[in-house]
Amino acid sequence: MSKPGDQQLADMEVDPSAAAEEKPAVRFSINVLELMREAQMQHGLRQSDYTRYRRYCSARLRRLYKSLKFLHGRGKYTRRNITESTVTDVRYLHIVFYMAERAWSHAMEKKTAGTNAQQRIYMLGRFRKAVKWASLFSQLCSVKGDSRTSLEAEAYASYMKGALFFEQDKNIEVAMINFKNTRAVYEELGKYGSIENQLLCRQRIEEVEPMIDFCSHKLGGSSLQAHELLDTANDLLKAKMEAVLSETRSQQAASMTEFNWLGRRFPITNAKTRVSILKAQQLEKDFNGSATESIAADKKLGIFDKIFSAYHDARSCIRNDLASAGNAENMRDDLNGLDKAVSAVLGLRTIERNQLLVSIAKSKFTKHRDEKNERITKPEELVRLYDLLIQNTTDLTDLVSSGRNKNEEENSFIHEYELKGLAFRAERCFFLAKSYSSAGKRAEAYALFCHARTLTDSALQQLANSPDKALIQDLKSLCDNCRSNSCIEHATGIMEEESVPLKLSKGVSTMSLGDGQTKENKYLLDMLESYESAIGEPTTKGPCRIAQFPPPFQAVPCNPIVLDMAYNAIEFPSLENRMKKEKKGLLSRFWG
């Protein structure tokens, strides 16, 4: 017979398996992107210091192992694997994550330091290790993490796989698929959450986009130009992209045997010369493409610098070939002609670059003075730029006309740039007149405006049948500006001349015999409350009267005399009892 208490205990007993089924599994939550970005930005990757970040990952792993008491033995090292049953704390997932980050940072450290064949093998091994830990992290998060954590871990693993295939230069299609998967995940995650999370997702997408574009470019389906790919590349892409582009140029240069310039053909025998010229021509093609209007001015100047560098490399190769050509006259003639043609193209691109600088300076010259944080172009700067353009045009025409037997294309080219030089001289004269006008020299400015108009009319007459409609329109606008500015200078000069007697009479009426002496002794510090100039007249060369130096002597009151009145009123105690007495002998007592 059972007792009532035993019956109650029996009713309270629960089947352990049933309890396990009813208890929900614990799901951990990790913001993988935020964790990665915070660790990278705070520990070295803001300055691209992969060594510092790798050391941080190692120190972080030591702290995690110690806090979880997940050590690998004291004496002999025995690795303890992390499985699904092991993950009872979110810190186990952090261990796997930082193992992947440490391997990736080690690989990037070797990548940025420059690798030889042996170091490249080691670098690829670290990339494989990063993929291994990232895949394990994705697998554990899919079981132990919530849905967002699992999705972010999957995107993280896809990025690592794409980076490995990208670096191996194998299976570019698979690498692009992994990068696209990463982009798709972060595009979806960026639609939700806080502003900080959306910003992080946007930054991650911007990091992945250049890699996708480069993979598509290598597969032959990219709409981006080569210089745009290089500008958007990160540390992993730059060296790789430059190597691939150099290889592509070398393959294209194999079929390039001649250089065409103004109807003349010059053979190219040196492979390095072909590659340099092809690189410059590709940059010119990208620069003159349909999307050139959307390129910023500073990027255009950067493209010009790359073009100049490529042509200078080609000229140095040609000069080396000339030095080693010896007495072969035919070879020397071909090399001299090729050098002349490349130099002419280089001079032509220099003129185009200086014209771009002129357009930038003109856009700032016409702006209002009240615009803040904007530097206004002075007319003297435009005069200097037009001096350079005139010199470049003269050098180019002299170079092209130096040949003995010039063809029709060369003659038309020389005539075209002689007219452009005349237009540049008219523009220079106009802005020189502007500089005189800003200095208040009306007569000189009026004469220069009239001369600029004469030069413009002469250029327009010679360009009447020219197909360059843009240059003709600019010259017509310049002619109108010269006429209006000359009228303004003429009227302003007459007004200033009529106001001279009034200023003279006003100055005479205010003159006095003692005024000069008193004005000479006035300084800025003595008249801070009055609006009187301490600089003097603009025509005088006297020093500015700011403060008198050395300063004049000033009367300074003496310190008060302090008398010690208490000294004579205090009676000091006698100190004889404290004084040391001399001991006297028996004889000294009698004789004193």
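Going by what an unreviewed UniProt entry lists, the chain is known as Signal recognition particle subunit SRP68 and is assigned to Urochloa decumbens. Note on the chain: under the UniProt heading Function (unreviewed entry), the record states "Component of the signal recognition particle (SRP) complex, a ribonucleoprotein complex that mediates the cotranslational targeting of secretory and membrane proteins to the endoplasmic reticulum (ER). The SRP complex interacts with the signal sequence in nascent secretory and membrane proteins and directs them to the membrane of the ER." In UniProt, the chain has this text filed under Sequence similarities (unreviewed entry): "Belongs to the SRP68 family."

### Comments concerning the packing of aromatic side chains
Two measures describe an aromatic ring pair: the distance that separates the ring centres and the angle between the ring planes. All told, the structure shown has 19 aromatic pairs when counted by the stated rule. Every member of this aromatic cluster is reached through a ring pair, and the members are Tyr53, Tyr56, Phe97, Tyr98, Phe137 and Tyr156. Residue placement shows Lys132 over the ring face of Trp133; its charged tip is 5.4 Å from the ring centre.

### Some thoughts on a nonpolar patch on the surface
On the surface, Leu524, Leu525, Leu528 and Ile546 cluster together into a nonpolar patch covering about 370 Å² of accessible area. When you line up the elements, Leu528 lands in the loop between helix H19 (515–520) and helix H20 (586–591). For Leu528, a relative accessible area of 61% corresponds to the exposed category.

### Some points on helix H8 (residues 172–189)
Spanning 18 residues, H8 covers 26 Å between terminal C-alpha atoms, matching the ideal 26 Å at 1.5 Å per step. Every buried residue of H8 is listed here: Ile172, Ala175, Met176, Asn178, Phe179, Thr182, Val185, Tyr186 and Leu189. Among the structural elements, helix H3 (32–42), helix H7 (147–168) and helix H9 (195–219) are those in contact with the buried residues of H8.

### Some details on the pattern of salt bridges
Oppositely charged side chains are able to pair whenever their charged atoms sit close together. Counting across every chain of the model gives 20 salt bridges. Measuring nitrogen to oxygen at the nearest pair gives 2.8 Å for the salt bridge that ties Glu410 to Arg264. Linking Glu410 in helix H16 (residues 408–438) with Arg264 in strand E2 (residues 264–267), this pair joins segments that are 146 residues apart in sequence. On the basis of relative accessible area, Glu410 is assigned to the buried category, the value being 6%. Across the pair Glu496 and Arg442 runs a salt bridge, and its minimum N-O distance is 3.3 Å. Taken together, the positions of Glu496 in helix H18 (residues 469–509) and Arg442 in helix H17 (residues 442–462) put the pair 54 residues apart, joining distant regions of the chain. Each of Arg37, Arg204 and Glu207 takes part in salt bridges that share partners, so that together they form one network.

### Overview of the pairing of E2
Note on strand geometry: in a regular strand, side chains alternate between the two faces of the sheet. With four bridges joining them, strand E1 (residues 258–261) and E2 adopt antiparallel strand pairing. Note that in E2 the partner of Phe259 across the bridge is Phe266. If you look at the hairpin formed by E1 and E2, you'll find two residues sitting between the two strands, and Leu262 has a positive phi there, around 55°.

### Details of the confidence of the model for the chain
Where the model shows low pLDDT, its predicted coordinates should not be examined in detail. Mean pLDDT over the chain works out to 80, with 80% of the residues at or above the 70 mark. The low-confidence segment residues 1–23, where pLDDT is below 50, has one contact with residues more than four positions distant or belonging to other chains.

### Some thoughts on the nonpolar core
Core analysis: the biggest nonpolar cluster contains 67 residues, and Phe259, Trp261, Leu396 and Phe413 have the highest contact counts within it. Listing elements by their share of this core, those giving two or more residues are E1, helix H12 (271–287), helix H13 (297–324), helix H14 (329–365), helix H15 (379–400), H16, H17 and H18. In this view, Trp261 contacts Phe266, Ala341, Ala344, Val345, Leu348 and Phe413; residues no more than four positions away in its chain are not counted. With 54 residues, the next largest nonpolar core counts Tyr50, Val96, Ala100 and Trp104 among its residues.

### Notes on the side chain of Glu427
Structurally, the position occupied by Glu427 is in helix H16. Accessibility expressed as a relative area gives 10% for Glu427, which makes it buried. Engagement of the side chain of Glu427 in a polar contact is seen with the side chain of Tyr386, the distance being 3.4 Å. Among residues more than four places away in sequence, those in contact with Glu427 are Lys362, Tyr386 and Leu478.

Procedures and definitions
Residues numbered from 1 in each chain as written. Predicted model: local features only at pLDDT ≥ 70, side-chain atom pairs only at ≥ 80, totals over all residues. Heavy atoms only, no water. UniProt positions renumbered as here; feature names shortened; annotations may be inferred. Phe/Tyr/Trp six-rings, centres within 6.5 Å; stacked < 30°, edge-to-face > 60°. Lys NZ or Arg CZ within 6 Å of the ring centre and 35° of its normal. Patch = residues over 30% accessible without salt bridge, like charges linked within 9 Å, V, L, I, M, F, W, Y side chains within 5 Å. Areas by Shrake-Rupley, 256 points an atom, 1.4 Å probe, with all protein chains shown as cover. Salt bridge = Lys/Arg side-chain N within 4 Å of Asp/Glu carboxyl O. Helix = DSSP H or I, 4+ residues; strand = E, 2+ residues; numbered from the N terminus. Buried < 20%, exposed > 50% of the residue type's maximum accessible area, 1.4 Å probe, protein only. Expected span 1.5 Å × (residues − 1). Contact = heavy atoms within 4.5 Å. Pairing = 2+ DSSP bridges. pLDDT = per-residue confidence, 0-100. Core = buried A, V, L, I, M, F, W, Y, C linked by side-chain atoms within 4.5 Å. Polar contact = N/O pair within 3.5 Å; in protein donor to acceptor, adjacent residues only side chain to side chain.

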